[in-house]
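# Architecture and fold: a report
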Amino acid sequence: MTALRAEPEIEIGGRDALPYLVEHWYLGPPARRYMMVRRFREVLERADLAPGQRVLDLGCGWAYGTLWARAHGCKVAGVDLGTDQLRWARRALADGASLGLANANAKALPFRDGTFDRAFSVEMMEHVFRPDRQAVLSEIARVLKPGGRLALSTPNSASPIEAAKRLAVRWPALRRRLPSSCFPEAADEAAAYHPYRYHHPLPLAELRERLTRAGFAVEGALRFLFVAKTTPSFLLPAARAAEGIAERLPLARRLGATTLIWATRP
C-alpha cells in the first residue's frame, strides 16, 4: 500500500460554536486527539490512497478525513446526513467550500455508478439506521469502480466499553458514572431516528456477511485501540506502550475498541 502522508495540521480560528468532535476531540485532551487521529490513520492506510484517485468520505462530519485524503493528493467528496458540521466545515476550514461536501443519505448517494476509486468511513456504520444498512453498503459498491476499495471502522461490539454501555442502558446508576458517550438505547423507529442519538455497532461477522452480500470481496480486518479517552496526559505515553503490547497479543486484540475492515469491489 502507498505510504500515507502525515495528518494535516488544521488551523481552527474562532472557538465559538465549534462542532462537538472539533471542540472535545480534535482540540480536546491529548488522549482524545490521539484516539481520533489514529482511527483516521488506520482507515486511510487500509483504503490504500494514491494521488489523483477520486475518493469518497462517508459520514464525513467536519471533514477531517476528507482534508487528509485531499492532502494526500486525492480528488475528494464527503457526504453526511447531518448539516451542522458540514456548514461549519464549509465556512471555517481553509478551502472548505472546495471539499465537495454534500448533505446526503448514504442509502441514496448522489453520484453516478463507478464514480470513485476509493471510499472510506470512520465511525459511521454504528449510526446508520439498522434497516438501512444493507442498502448503504450496496450504494457504496455501486459508486465504486470495479477494483475500487472500501475501508471502514466502527466500534468493536465485543470491547469492554461497548459491553459496559449495554449494561448501563439497563442500569441508570452505572450510566451516570460513565463519561459522556453514545449508548445503544435508540429503538428502530424511523420517526424517532437521528444519527447523533443512534448507536448500534455491528459485530465483525455481520460486517463481513453484509459486505459480501453487497458484492464486496473482504480482504482483511483487525481490531485496535486500547487507550481510554479519560487517560490523563501524563499517563498517555505509558498507555500507548501498553496498547502496543496488547495489539500484538491475539486474545487481547479481540477486545480493542475499534473494528476496521477493508474490501474491494471485484
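Everything discussed here concerns the structure shown above.
Reference entry: report on the structure contained in this document. The model shown is predicted, which means the values in this text are computed figures rather than measured ones.

## Considerations on the environment of Trp88
Among the structural elements, Trp88 can be located in helix H4 (residues 84–92). On the basis of relative accessible area, Trp88 is assigned to the buried category, the value being 6%. Separated by 78 residues in the primary sequence, Trp88 and Arg166 place their C-alpha atoms 32 Å from one another. Excluding residues that lie within four positions of it along the chain, Trp88 makes contacts with Ile12, Ala17, Leu18, Pro19, Val22, Trp62 and Leu93.

## What to know about the nonpolar core
Counting residues in each nonpolar core, the largest one holds 43 residues, and the members touching the most others are Trp62, Tyr64 and Leu93. Elements that contribute at least two residues to this core include exactly helix H1 (20–26), helix H2 (30–47), helix H3 (64–71), H4, strand S4 (116–122) and strand S7 (258–264). With near-sequence residues (within four places) excluded, Trp62 lies in contact with Ile10, Leu21, Val22, Tyr26, Met36, Gln85, Trp88, Ala89 and Leu93. Formed by 28 residues, the second largest nonpolar core is a distinct cluster that contains Ala119, Met124, Leu137 and Leu150.

## So, the sheet that holds strand S3 (residues 101–103)
Read from one edge of the open sheet, seven strands run S3-S2-S1-S4-S5-S7-S6, paired in mixed fashion. Looking along the sheet, the strands with just one partner apiece sit at the ends: S3 and strand S6 (217–224). Strand-to-strand twist in this sheet, taken as the mean axis angle between neighbours without regard to direction, amounts to 15 degrees. The sheet contact formed by strand S2 (residues 75–80) and S3 spans three bridges and is parallel. Looking at S3, one finds that Gly78 is bridged to Leu101.

## Section: the side chain of Lys229
Take Lys229: it is sitting in the loop between S6 and helix H9 (236–246). Of the side chains with opposite charge, Glu162 lies nearest to the buried Lys229, which makes no salt bridge, at 9.3 Å. With sequence-adjacent residues up to four places away left out, Lys229 is seen in contact with Trp25, Ala31, Arg32, Met35, Pro179, Ser180 and Ser181.

## Points about the packing of H2 against H9
Packing of H2 against H9 leaves a shortest axis separation of 10 Å and a crossing angle of 35 degrees. In this structure, H2 crosses over H9, and the sense of that crossing is right-handed. Every residue of H9 that contacts H2 at Pro30, Ala31, Tyr34 and Arg38 is listed here: Leu236, Arg240 and Glu243. For the contact of H2 with H9, a count of residues per class yields four nonpolar, no polar and three charged.

## Considerations on the pattern of salt bridges
For the structure shown, the criterion picks out 18 salt bridges. One salt bridge connects Arg130 with Asp188, and the closest N-O pair in it is separated by 3.1 Å. With a gap of 58 residues between them, Arg130 in the loop between S4 and helix H5 (133–143) and Asp188 in the loop between helix H7 (172–177) and helix H8 (204–213) connect regions that are remote in the sequence. Take Arg130: its relative accessible area is 34%, and that puts it in the partly exposed class.

## Let's talk about the side chain of Thr258
Note that Thr258 resides in strand S7. Setting aside anything within four residues of it in sequence, one finds Thr258 in contact with Arg39, Glu123, Ser153, Thr154, Asn156, Leu222, Arg223, Phe224 and Leu225.

## Let's talk about helix H6 (residues 160–170)
Along H6, the residues that are buried comprise Glu162, Lys165 and Ala168. Each buried residue of H6 lies within a common arc of 115 degrees when the element is viewed along its axis, so the set occupies one face. Across H6 from its buried face, at more than 90 degrees, point the exposed residues Pro160 and Arg170. The inward-facing, buried residues of H6 abut strand S5 (144–155) and H7.

Conventions used here
As a convention, each chain's residues are numbered from 1 in the sequence order in which they are written. Where local features are concerned, this predicted model is filtered to residues with pLDDT of at least 70; where side-chain atom pairs are given and counted, the filter is 80 or more; whole-chain, interface and lining totals use all residues. Water and hydrogen atoms play no part in the side-chain values, which are based on all heavy atoms of the structure. A run of DSSP states H or I qualifies as a helix once it reaches four residues; a run of E qualifies as a strand once it reaches two. Both are numbered from the N-terminal end. Each residue is assigned to one of three classes by its accessible area relative to the maximum for its type, calculated with a 1.4 Å probe on protein chains only: buried under 20%, partly exposed between the two thresholds, exposed over 50%. Note on contacts: a residue pair qualifies if any of its non-hydrogen atoms lie within 4.5 Å across the two residues. Definition used in this section: a nonpolar core is a set of buried Ala, Val, Leu, Ile, Met, Phe, Trp, Tyr and Cys residues joined via side-chain atoms within 4.5 Å. Strand pairing is defined by DSSP finding a minimum of two bridges between the two strands. Axes here mean lines fitted to C-alpha atoms, for a helix over just the part in contact, with angles spanning 0 to 180 degrees between N-to-C directions. Residues scored as positive are Lys and Arg, those scored as negative are Asp and Glu, and His as well as the terminal groups of each chain are ignored. Salt bridges are defined as contacts in which a side-chain nitrogen from Lys or Arg sits within 4 Å of a carboxyl oxygen from Asp or Glu. Left-handed is the label given to a crossing in which the near helix is rotated counterclockwise from the far helix by less than a right angle, and right-handed is the label when the rotation is clockwise. Residues are grouped as follows: Ala, Val, Leu, Ile, Met, Phe, Trp, Tyr, Cys and Pro are nonpolar; Asp, Glu, Lys and Arg are charged; every other residue, Gly included, is polar. When we speak of the arc, we mean the arc of directions from the helix axis to the C-beta atoms.

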